[in-house]
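# Examining the three-dimensional arrangement
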Amino acid sequence: MMNSAQCSERIKSLAKVAIAILRRNAAGFIINPPGGGRARVYDVQHNEMRLSLRRTIDDPEHTTQIEIRFDGDRVLFAEWTDDGFVKRSYTPGQWEGMLRRYERIPALARRQ
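Residues numbered from 1 in each chain as written. Predicted model: local features only at pLDDT ≥ 70, side-chain atom pairs only at ≥ 80, totals over all residues. Heavy atoms only, no water.

## Quick notes on the nonpolar core
Just so we agree on the cut-off: Among buried residues, the Ala, Val, Leu, Ile, Met, Phe, Trp, Tyr and Cys ones that are joined through side-chain atoms within 4.5 Å form a nonpolar core. Partly exposed residues are those whose accessible area sits between 20% and 50% of the maximum for their type, while under 20% is buried and over 50% is exposed, using a 1.4 Å probe and protein chains only. Helix numbering and strand numbering both begin at the N terminus, where a helix is a DSSP run of H or I of at least 4 residues and a strand a DSSP run of E of at least 2. Any pair of residues with heavy atoms lying within 4.5 Å of one another is described as a contacting pair.
Membership of the largest hydrophobic core comes to 26 residues, with the highest contact counts inside it found for Met49, Ile66, Ile68, Trp95 and Leu99. Put simply, the parts of the chain that give this core at least two residues each are helix H1 (4-25), strand E2 (39-46), strand E3 (49-56), strand E4 (64-70), strand E5 (73-81) and helix H2 (95-102). Considering every element that reaches this core, the biggest residue donor is H1, with nine residues. With near-sequence residues (within four places) excluded, leucine 99 lies in contact with Leu14, Val17, Ala18, Ile21, Met49, Leu51 and Ile68.

Laid out in structure tokens, this is it:
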């Protein structure tokens with residue numbers, strides 16, 4: 001069983017891998033959410049894995065959210081500001097190894 005600090009470190013590590021994949025493979029676009037403001041969104045889907053990153057543009061706290069879905073289930077969600085995590089949810093499983101392998105797949109390792 002992981003303690004809170006270990007869980008936070010695991011989430012940070014997995015989020016870093018996911019963000020690297022998103023930056024290389026997703027063209028970001030801007031949305032105007034119903035609550036106001038603007039957000040830059042990145043999405044990638046490969047096989048059963050879906051990665052999403054959302055960063056607020058007009059928010060002075062610079063809120064960022066990442067969500068990873070595996071076979072339709074949310075396995076990782078994290079929301080953070082410059083001060084640290086605001087929300088987080090993590091379900092360990094085989095998807096972690098798959099995410100790390102996806103980082104090395106030539107099609108996902110660099111932008112085509």
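## Looking at the sheet that holds strand E1 (residues 29-31)
To keep it simple, the criterion reads: Two strands qualify as a pair provided that DSSP identifies no fewer than 2 bridges between them. Here, axes are lines fitted to C-alpha atoms. For helices the fit covers the stretch in contact, and angles between N-to-C directions go from 0 to 180 degrees.
As summarised here, the arrangement of the six strands in space is E1-E2-E3-E4-E5-E6, forming an open sheet in which the pairing is antiparallel. The strands lining the two open edges of the sheet, one partner per strand, are E1 and strand E6 (84-90). For this sheet, the mean angle separating the axes of adjacent strands, direction not counted, is 20 degrees. One ladder, built from three bridges, connects E1 with E2; its direction is antiparallel. Each bridged residue has a counterpart across the sheet, and for isoleucine 30 the counterpart in E2 is arginine 40. Relative to E6, H1 is tilted by about 90 degrees, and along the sheet it contacts E2, E3, E4, E5 and E6.

## A few points about the pattern of salt bridges
Put simply, the test is: Criterion for a salt bridge: a side-chain nitrogen of Lys or Arg within 4 Å of a carboxyl oxygen of Asp or Glu.
Within this structure, the stated rule accounts for six salt bridges. Lysine 12 serves as the salt-bridge partner of glutamate 9, at 3.6 Å between the closest nitrogen and oxygen. A residue pair is termed a helical-turn pair when its members lie 3 or 4 positions apart in one helix, as glutamate 9 and lysine 12 do in helix H1 at three residues. Since its relative accessible area comes to 49%, glutamate 9 is described here as partly exposed. When its relative accessible area of 44% is taken as the criterion, lysine 12 is described as partly exposed. Glutamate 67 is the partner of arginine 69 in a salt bridge, and the nearest nitrogen-oxygen pair spans 3.5 Å. Taken together, the shared-partner salt bridges connect Glu67, Arg69 and Arg74 into one network.

## Structural notes on the side chain of glutamate 96
For clarity, the threshold we go by: Within 3.5 Å is the distance limit for a polar contact, defined as a pair of N or O atoms, with the added protein rule that one can donate a hydrogen and the other accept it, and that residues adjacent in sequence qualify only through two side-chain atoms.
With respect to the element layout, glutamate 96 can be found in helix H2. With a relative accessible area of 11%, glutamate 96 lands in the buried category. Of the polar contacts made by the side chain of glutamate 96, one reaches the backbone nitrogen of glycine 93; its length is 3.1 Å.

## Describing the packing of aromatic side chains
Under the convention used in this document: In summary, the pairing rule links any two rings of Phe, Tyr or Trp, Trp by its six-membered ring, whose centres are within 6.5 Å, and it sorts them by plane angle into stacked for under 30 degrees, edge-to-face for over 60 and tilted for everything else. A ring is scored as having a charge over it whenever the NZ atom of a lysine or the CZ atom of an arginine sits within 6 Å of its centre and within 35 degrees of its normal.
Evaluation of the coordinates by the stated rule reveals two aromatic pairs. Ring centres 6.4 Å apart and planes at 85 degrees place the aromatic pair tryptophan 80 and phenylalanine 85 in the edge-to-face group. On the basis of relative accessible area, phenylalanine 85 is assigned to the partly exposed category, the value being 30%. When the centroid spacing of 6.3 Å and the interplanar angle of 70 degrees are considered together, the rings of tyrosine 90 and tryptophan 95 count as edge-to-face. Given the relative accessible area of 2%, tryptophan 95 is considered buried. Between arginine 74 and the ring centre of phenylalanine 77, over which it is positioned, the NZ or CZ distance is 4.6 Å.

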